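Examining the three-dimensional arrangement
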Amino acid sequence: MVTAKNLKLTVLFTFSVVLLLWIASMFASPSIRLSASEMPDPAAKVDSYLDDRYVGSETCKACHEDQFNAVAKTTHGKLGDLPGWKGKVVGCESCHGPGKEHVEGGGDKTKIKVFAGMDSKAVSESCLACHSGKEAHNNFRRGDHWRNNIGCTDCHSAHGPSYGPQRPGSMTLIGEAAEQRPSLANRAMLKNSEPQLCIGCHSETKAQFSKPFHHKVLEGTMTCSDCHNPHGGFESKQARLALGSDQACVRCHTQMQGPFVFEHAALKIEGCATCHSPHGSNNPKLLKRSSVRQLCLECHTNIENVELDPNIPTGPHTQTSIRTQNCTVCHSQIHGSNSNKDFFR
Ligand code: HEC
Ligand code: HEC
Ligand code: HEC
Ligand code: HEC
Ligand code: HEC
Ligand code: HEC
Ligand code: HEC
Ligand code: HEC
Ligand code: HEC
Ligand code: HEC
């Protein structure tokens, strides 16, 4: 007999089972975000085990169990399960090269690719052998990190991160929230969760993000890579900016996006950072100058000579009047307007 209570229990039970199965499936299936469109089949370029110089990761395990166990947990360790990678060289030898001679030599170090002490560009090239299919990584050779000899393994741990739940040493400025966000910790085999990873080398930015007005990066509500492409690209400062428009900024600040009927050339030509310090500033609204007026007058030098319409009871555009010093009181749509060429409402 199905009573209301029974039915409720059955529904609850079924729901829990489905939920459990779903959770289980998340752990069971390798979490690989490989899509054909993103990575034009790198497997095609990779050697296959038919080449008898390769022995397979299981053979390496016999002598390098720690490395084997670490790699097994990573995306790389699970590649062999994907249909497109069947029979292809994956795991240890996809990076370290064929291992037969090394094994036959009883672990002869000269017969295997050893990365320790290798030039970081050369290390990166080993990764790019597979990873250059994706535009973001292909452009790595155009970025400042490449130019300055910062390689993939300065940010990524090749065998997967060794830490458990993220707990980096210096958490002083970073709230508990940052630690708990799985998106920040343990992501993409990073050696450290993101703000610390970058600040580890770019220590000067920590001070900028500590100024009175700042984007909340240290607090963990956004990351450096929200605005920067860590892998480099065409833009200066490795910003995630498309040419001419400040894509990174307007992704969040949509109201500044435009296109406007009347664009402020300052934005279109030079971008947001002309007027704002993107990391942090002592001035409200992250402005580069302590007063709005100062900022405007750097470009609009002869403003005092611009007579205001005599019908507008504001007096001349002279800077002796406090009223006309507050530029954005009148020119309030300073990022662009659809109704007024002078950026009033
Ligand atoms: C994604 C590429 C990659 C894969 C896959 C990989 N390695 Fe490595 N391995 C490296 C790099 C790079 C280093 C140099 C250390 C570093 O920079 O972290 C290294 C270092 C090592 C070392 C030196 C000791 C150490 O732990 O640093 C050993 C031994 C080693 N790997 C064995 C293996 C074995 C065994 C496997 C397979 C189970 C494997 N590696 C898979 C890239 C890889
Ligand atoms: C029979 C045991 C054995 C097997 C199997 C074996 N290795 Fe080794 N391997 C060694 C020994 C021993 C060393 C250390 C040599 C030394 O430190 O002088 C070594 C060193 C290495 C190093 C250099 C570590 C360093 O000091 O930087 C790498 C990389 C490496 N092995 C990778 C592999 C890979 C990949 C495989 C599988 C293809 C493999 N090994 C299989 C025994 C083995
Ligand atoms: C044999 C080809 C191959 C080589 C060599 C290789 N990778 Fe990968 N790697 C892949 C594939 C395929 C994926 C999964 C697709 C993806 O996420 O883009 C992947 C995924 C990754 C990921 C994302 C992991 C995640 O869990 O999100 C990172 C980071 C990465 N690789 C870094 C490296 C680094 C660093 C090296 C060099 C030390 C390297 N790879 C060498 C094929 C390779
Ligand atoms: C300056 C640090 C840094 C360097 C150097 C670096 N990465 Fe990354 N990488 C990151 C960060 C941060 C993320 C996660 C944020 C993101 O997805 O942009 C990431 C994400 C990834 C991912 C997963 C997301 C994706 O884009 O598919 C892969 C794969 C990857 N990196 C591969 C590489 C390879 C290959 C190299 C070397 C050619 C490299 N990385 C060099 C910092 C770095
Ligand atoms: C291992 C050290 C190291 C790490 C980690 C690192 N960087 Fe860098 N980065 C450098 C070096 C060195 C340069 C080139 C010199 C410079 O301009 O400071 C550079 C350059 C840059 C530039 C361009 C600066 C310019 O003046 O054009 C940006 C932007 C940048 N890094 C962002 C990041 C971000 C975001 C991260 C974290 C995902 C990161 N870096 C992680 C060392 C590092
Ligand atoms: C809100 C977006 C944003 C965030 C978040 C951000 N940056 Fe930047 N960063 C920029 C822009 C835009 C520039 C270029 C500034 C310019 O051209 O004057 C820049 C410039 C830089 C430079 C070049 C040196 C300089 O001061 O001009 C470095 C290095 C850098 N950022 C590192 C970082 C690091 C490390 C983080 C995280 C701790 C980070 N950025 C977070 C937007 C951002
Ligand atoms: C990931 C989303 C995100 C990105 C990307 C981003 N911002 Fe922001 N921005 C915010 C948030 C959220 C706030 C306000 C809350 C706070 O204090 O952090 C903010 C605050 C600001 C402020 C101050 C507003 C005020 O009322 O005080 C300015 C100016 C600003 N951002 C400009 C920029 C510029 C310029 C860029 C590109 C270099 C940028 N933002 C990129 C999310 C973002
Ligand atoms: C010509 C200088 C200039 C440029 C370029 C500029 N801004 Fe502003 N922005 C200002 C001024 C001035 C204010 C303060 C307005 C006020 O005090 O009323 C401001 C305020 C803001 C605010 C705070 C919210 C608000 O409406 O007051 C955000 C967010 C912002 N700007 C984002 C951006 C973004 C994103 C870009 C690039 C697309 C950008 N700004 C380019 C001058 C500029
Ligand atoms: C980086 C330089 C720069 C800064 C800073 C700047 N502007 Fe502009 N502004 C321009 C340029 C260039 C034009 C286009 C001039 C033209 O078309 O003749 C313009 C146009 C204008 C116009 C419309 C002029 C017209 O022809 O109708 C107004 C109003 C204006 N700006 C106000 C401001 C105010 C207010 C500020 C301060 C918040 C400011 N600007 C900051 C460069 C700048
Ligand atoms: C009391 C309101 C008011 C204030 C405050 C004000 N303006 Fe204006 N501004 C105007 C008006 C009205 C016009 C239109 C004049 C015309 O077209 O006859 C104008 C026009 C402009 C123009 C376009 C000039 C041209 O050649 O067409 C610029 C640039 C400008 N203002 C910049 C500024 C700057 C910079 C400040 C702050 C120092 C400022 N304004 C403060 C009302 C104001």
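What counts, and where the lines are drawn
- Residues numbered from 1 in each chain as written.
- Chains lettered and ligands numbered in written order.
- Predicted model: local features only at pLDDT ≥ 70, side-chain atom pairs only at ≥ 80, totals over all residues.
- Heavy atoms only, no water.
- Donors = N, O, S within 2.8 Å, 3.2 Å for Na, K, Ca; no water.
- Tetrahedral: all angles 85-135°; square planar, octahedral: opposite > 155°, others 65-115°.
- Helix = DSSP H or I, 4+ residues; strand = E, 2+ residues; numbered from the N terminus.
- Near = heavy atom within 4 Å.
- Polar contact = N/O pair within 3.5 Å; in protein donor to acceptor, adjacent residues only side chain to side chain.
- Nonpolar A, V, L, I, M, F, W, Y, C, P; charged D, E, K, R; others polar.
- Phe/Tyr/Trp six-rings, centres within 6.5 Å; stacked < 30°, edge-to-face > 60°.
- Buried < 20%, exposed > 50% of the residue type's maximum accessible area, 1.4 Å probe, protein only.
- Lys NZ or Arg CZ within 6 Å of the ring centre and 35° of its normal.
- Core = buried A, V, L, I, M, F, W, Y, C linked by side-chain atoms within 4.5 Å.
- Contact = heavy atoms within 4.5 Å.
- Salt bridge = Lys/Arg side-chain N within 4 Å of Asp/Glu carboxyl O.

1. Observations regarding the coordination of the iron atom of ligand 9
Here the iron atom of ligand 9 is held by the protein donor atoms His264 (NE2) and His300 (NE2), which lie 2.0 Å from it. Between the six donor atoms coordinating the iron atom of ligand 9, the angles at the centre fall across 86 to 178 degrees, so the site counts as octahedral. A residue pair is termed long-range when its members are at least 10 positions apart, and His264 in the loop between helix H15 (247–252) and helix H16 (265–270) and His300 in the loop between helix H17 (292–297) and helix H18 (322–325) qualify at 36 residues.

2. Digging into the site of ligand 6
Close contacts around ligand 6 come from 16 residues, with His215, Cys224, Cys227, His228 and His279 the closest. At 2.8 Å from a nitrogen atom of ligand 6 is found a side-chain nitrogen or oxygen belonging to His228. Contact between ligand 6 and His279: a nitrogen atom at 2.8 Å from a side-chain N or O atom of the residue. Residue classes in the shell around ligand 6 are distributed as eight nonpolar, six polar and two charged.

3. Some points on the packing of aromatic side chains
A complete count under the given rule lists two aromatic pairs for this structure. Between Tyr49 and Tyr54, the aromatic rings sit 6.4 Å apart at their centres with planes inclined by 90 degrees, giving edge-to-face as the arrangement. The exposure class of Tyr49 is partly exposed, given its relative accessible area of 29%. The class of Tyr54 is buried, set by a relative accessible area of 12%. A centroid spacing of 6.2 Å and a plane angle of 80 degrees characterise the contact between Phe140 and Trp146, whose relative ring orientation is edge-to-face. We note that Phe140, like Trp146, is buried. Positioned over the ring face of Trp146 is Lys121, at 5.4 Å from the centre of the ring. Here the basic side chain of Arg141 rests over the ring of Trp146, its NZ or CZ set 5.9 Å away from the ring centre.

4. Digging into the nonpolar core
In this structure, Val46, Tyr54, Leu79, Leu82, Trp85, Val89 and Val90 together form the largest nonpolar core, which totals seven residues. Contacts of Val46, omitting those with residues within four sequence positions, involve Trp85, Lys88, Val89 and Cys130.

5. What to know about the pattern of salt bridges
Scanning the entire structure with this criterion turns up eight salt bridges. The partner of Asp47 in a salt bridge is Arg53, with the nearest N and O atoms 4.0 Å apart. For Arg53, the salt bridge goes to Asp51, with nearest N and O atoms at 2.9 Å. On the accessibility criterion, Arg53 (42% relative accessible area) is partly exposed. A single network of salt bridges, built from pairs that share partners, joins Asp47, Asp51 and Arg53.

6. Some words on the coordination of the iron atom of ligand 8
Within the protein, His276 (NE2) and His335 (NE2) serve as the donor atoms for the iron atom of ligand 8, at 2.0 Å. Taken together, the six donor atoms coordinating the iron atom of ligand 8 and their angles of 88 to 179 degrees define a geometry best described as octahedral. Taken together, the residues span a long stretch of sequence, with His276 in the loop between H16 and strand E2 (280–281) and His335 in the segment after helix H19 (327–330) at a distance of 59 residues. Classification of His276 by relative accessible area gives partly exposed; the value is 25%. Residue His335 is classed as partly exposed on the basis of its relative accessible area of 25%.

7. Focus: the site of ligand 8
Near ligand 8 lie 17 residues; those nearest to it are Met256, Cys272, Cys275, His276 and His335. At 2.8 Å, a side-chain N or O of His276 approaches a nitrogen atom of ligand 8. His335 is positioned such that a nitrogen or oxygen atom in its side chain is 2.8 Å from a nitrogen atom of ligand 8. Those elements that provide at least two residues to the shell around ligand 8 are H15 and H16. Taken together, the residues of the shell around ligand 8 break down into 10 nonpolar, six polar and one charged.

8. With respect to unusual backbone geometry
Phi angles above zero are rare outside glycine, and Asn149 is one such case at about 65 degrees. Its relative accessible area of 33% is what places Asn149 among the partly exposed residues. Unlike most non-glycine residues, Leu286 shows phi in positive territory, near 55 degrees.

9. Things to note about the side chain of Ser57
Relative to the helices and strands, Ser57 resides in helix H2 (residues 57–61). A relative accessible area of 17% means that Ser57 is categorised as buried. Those residues within four positions of Ser57 in sequence are excluded, and the remaining contacts are Phe68, Val90, Gly91, Cys92 and Glu93.

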